[in-house]
Amino acid sequence: MPIKRTTSIYNAKTPFLIVDIETAKASNKIINDISFGIWTREQGFIGKVGYLVEENRKHPVFYGQSKEELYTEYVKQGIYHVKPFIEIMDIMDRIITKYNPVFATAYNSGFDFPRIRQECDK
């Protein structure tokens, strides 16, 4: 008997968790930010948030002054928030529980998901 799929990536109502991180190439830490949101084809982004990882910013690896100025401005405008990594993961967990996304993806999932796992393991 074939398996019946109850959801599809093509269904307009199927929720996705979309994640994006920025790392420092030298250390592979999530130095600058982690952003995520819930997205459907029907509604676009239902919600999205961005965080600067507090403990990794104590020893920042700068991409250049313009990037740091941009992050500073994002914090001032409330676009990004500075929080400890464990709090960010707790917020992501609550969002996953609330919206029950069927799929998780990232702009560079082959790179991003292992780095998130690496940070969680610490």
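This brings us to the sheet that holds strand β1 (residues 16-22). The sheet built from 5 strands is open, its strands ordered β4-β3-β2-β1-β5 with mixed pairing. With partners counted over all chains shown, the strands left at the sheet margins are β4 (80-83) and β5 (103-106), one partner each. Mean inter-strand twist for the sheet, computed between neighbouring axes without regard to direction, equals 25°. Direction of pairing for β1 relative to strand β2 (residues 33-40): antiparallel, over a ladder of 7 bridges. Across the sheet, Phe16 pairs through a bridge with Trp39, a residue of β2. Packed on one face of the sheet, helix α2 (residues 85-99) meets β1, β2, β3 (44-53) and β4 and runs near 5° to β2.

Leftover empty space is mapped by rolling, across the atoms, a probe with the size of a water molecule. Taken as a whole, the largest pocket holds about 220 Å³ of empty space. What lines the largest pocket is a set of 13 residues, among which Ser35, Phe36, Lys48, Val49 and Gly50 lie closest to the centre. The biggest single contributor to the lining of the largest pocket is β3, with 4 residues.

A few words now on the packing of aromatic side chains. This structure, assessed with the given rule, holds 5 aromatic pairs. For the ring pair Tyr74 and Tyr80, a centre distance of 5.3 Å and an interplane angle of 5° mean the geometry is stacked. For Tyr80, a relative accessible area of 12% puts it in the buried group. Each residue in the set Phe16, Trp39 and Phe103 is aromatic and connected to the rest through ring pairs, giving one cluster. In this structure, Lys48 is placed above the aromatic ring of Phe45, and the distance from its NZ or CZ to the ring centre is 5.0 Å.

Formed by 16 residues in total, the largest nonpolar core has its most connected members in Val19, Ile34, Phe36, Ile88, Met89 and Met92. Once residues within four sequence positions are removed from consideration, Ile88 is found in contact with Ile34, Phe36, Tyr51, Leu52, Val53 and Lys83.

What counts, and at which threshold
- Residues numbered from 1 in each chain as written.
- Predicted model: local features only at pLDDT ≥ 70, side-chain atom pairs only at ≥ 80, totals over all residues.
- Heavy atoms only, no water.
- Pairing = 2+ DSSP bridges.
- Helix = DSSP H or I, 4+ residues; strand = E, 2+ residues; numbered from the N terminus.
- Axes fitted to C-alpha atoms, helices over the stretch in contact; angles between N-to-C directions.
- Contact = heavy atoms within 4.5 Å.
- 1 Å grid on protein atoms, 1.4 Å probe; cavity = no way out; pocket = protein on both sides within 12 Å on 5 of 7 lines; lining within 4 Å.
- Points joined across faces, edges and corners; volume = space filled by probe spheres on them.
- Phe/Tyr/Trp six-rings, centres within 6.5 Å; stacked < 30°, edge-to-face > 60°.
- Buried < 20%, exposed > 50% of the residue type's maximum accessible area, 1.4 Å probe, protein only.
- Lys NZ or Arg CZ within 6 Å of the ring centre and 35° of its normal.
- Core = buried A, V, L, I, M, F, W, Y, C linked by side-chain atoms within 4.5 Å.

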